[in-house]
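Structural overview for review
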Amino acid sequence: MARIRVLVVDDHRIFAESLAAALAAEQDVDVAAAGSGPAALRCLERAAAEGRRFDILLIDADLGTTADGAGPPLPVPAEVAYGGANGTPHNGIHGGPHSGPHGGPHGGPARAVNGRVADGIWLVGAVRSTQPGVRTVVLAERDDPRRAAVALQAGASGWVAKDCSLVRLLAVIRGVLREETHLPPALLTGVLRELTAARKHRTESERLVESLTPREREVLRCMVAGLGRKAVAERLFLSPHTVRTHMQNVLGKLGVHSTLAAVALARRAGVGPVDLAGEIVERGGQLA
């Protein structure tokens, strides 16, 4: 019988413990838990290095949003994570002998990662980037078409209510492993509306970016990377005055009034930053 390896990611102790214990009772399910996004990523990396990759992550949609950045660890019951007092693994997945019971040294609520709160939707995107073979399902306390659409765009394979039955959750887990996407029927119309609107905004943004000249697009990519005018000039071998003119033209053609708005529009259109690997550059007037 093929084993299904599941990682529960939730910073609410009672819910995490209860769900992990319920899943561990299934004959073909191995389960572990993590109390924050960073801890979950560490657990994924460790499992991959040991040749025991997780198949599914069940991620709290509101992971870390009610936390203050400090708090006690969120332990998984010993019988779920470690199998007994001697620390031997119960179902083949665990955080390692020296880590916290949630896959990190301390567990606990979400922490800031690169200046951003590692919430549930952030974690979906991070998992998709670092471990594309792992499926993610978001567990939510309430139906929210906008956030569900964002989660799907980030790479989630499902959105499930936290008060659903265990039978329903297991059906979603098995369905996701068959490449299915699962949403509550009540959310379908709202999610489709949100995805259609997002596509419309993206299409309009793409049309505006296409109106730029090749040089203006280069300047825009530098702006997306956060480069200041002097750094752009040095990179493109232009005078600061010429770069200023290009930046003004970019703002005008995109119909915005600030660099921040231009960068946001560029992101919607799929424009990425220039490659700054190994470079020392000026960002907004300061050296990076």
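As a reminder, the structure under discussion sits directly above these lines.
Parameters and conventions
- Residues numbered from 1 in each chain as written.
- Predicted model: local features only at pLDDT ≥ 70, side-chain atom pairs only at ≥ 80, totals over all residues.
- Heavy atoms only, no water.
- Helix = DSSP H or I, 4+ residues; strand = E, 2+ residues; numbered from the N terminus.
- Buried < 20%, exposed > 50% of the residue type's maximum accessible area, 1.4 Å probe, protein only.
- Areas by Shrake-Rupley, 256 points an atom, 1.4 Å probe, with all protein chains shown as cover.
- Axes fitted to C-alpha atoms, helices over the stretch in contact; angles between N-to-C directions.
- Parallel < 35°, antiparallel > 145°, perpendicular 65-115°, else oblique.
- Contact = heavy atoms within 4.5 Å.
- Nonpolar A, V, L, I, M, F, W, Y, C, P; charged D, E, K, R; others polar.
- Salt bridge = Lys/Arg side-chain N within 4 Å of Asp/Glu carboxyl O.
- Phe/Tyr/Trp six-rings, centres within 6.5 Å; stacked < 30°, edge-to-face > 60°.
- Lys NZ or Arg CZ within 6 Å of the ring centre and 35° of its normal.
- Pairing = 2+ DSSP bridges.
- Right-handed = clockwise from strand over helix to strand, strands pointing away.

**Remarks on the overall build of the protein**
Within the protein, the secondary structure is distributed over eleven helices and nine strands. Buried positions account for 46% of the 288 residues belonging to the protein. Surface accessibility of the protein: about 14,500 Å² in total, with carbon and sulfur atoms responsible for 54%.

**Quick notes on the packing of helix H9 (residues 229–236) against helix H10 (residues 240–254)**
Direction vectors running N to C along H9 and H10 enclose 105°, while the axes themselves pass 9 Å from each other. Overall, the two elements H9 and H10 adopt an arrangement that is roughly perpendicular. Contact residues: Arg 229, Val 232 and Ala 233 in H9; Pro 240, Val 243, Arg 244 and Met 247 in H10. Its residues assigned to classes, the contact of H9 with H10 shows five nonpolar, no polar and two charged.

**Notes on the pattern of salt bridges**
Overall, the coordinates contain eleven salt bridges when judged by the stated rule. Residue Glu 179 pairs with Arg 135 through a salt bridge whose shortest N-O separation is 2.6 Å. Within this pair, whereas Glu 179 is found in the loop between helix H6 (166–177) and helix H7 (185–210), its partner Arg 135 is found in strand E6 (residues 135–140), the two being separated by 44 residues in sequence. Notably, a salt bridge pairs Glu 180 with Arg 178, separated by 3.3 Å at the nearest N-O pair. Connected through shared salt-bridge partners, Asp 10, Asp 60 and Lys 162 make up one network.

**Regarding the packing of aromatic side chains**
Evaluated as defined, the whole model comprises zero aromatic pairs. In this structure, Lys 162 is placed above the aromatic ring of Phe 15, and the distance from its NZ or CZ to the ring centre is 4.4 Å.

**Observations regarding unusual backbone geometry**
Across residues other than glycine, the phi torsion is negative in most instances, and most of the peptide bonds are trans. A positive phi angle, close to 70°, is found at Glu 179, a residue other than glycine. At Phe 237, a position not held by glycine, the phi torsion is positive, near 55°. Tracing the sequence through the fold places Phe 237 in the loop between H9 and H10.

**Describing the sheet that holds strand E7 (residues 158–161)**
Read from one edge of the open sheet, five strands run E2-E1-E3-E6-E7, paired in parallel fashion. Only two strands of the sheet have a single neighbouring strand rather than two, namely strand E2 (29–34) and E7. Taking each pair of neighbouring strands and ignoring which way they run, the sheet shows an average axis angle of 25°. Note that strand E1 (residues 4–9) and strand E3 (residues 56–60) share four bridges and pair parallel. Residue pairing for E3: Leu 7 is matched across the bridge by Leu 57. The strands touched by helix H4 (residues 120–130) are E1, E3, E6 and E7; relative to E3, the strand with the most contacts, the crossing angle is about 155°.

**Remarks on the pairing of E1**
Remember that side chains alternate between the two faces of the sheet whenever the strand is regular. Here E1 lies mainly inside the structure; five of its six residues are buried. Inspection of the sheet shows E1 paired to E2 by six bridges, in the parallel sense. Paired with Val 8 across the strands is Ala 33, a residue of E2. For the handedness criterion, the β-α-β arrangement of E1, helix H1 (residues 13–24) and E2 is classed as right-handed.

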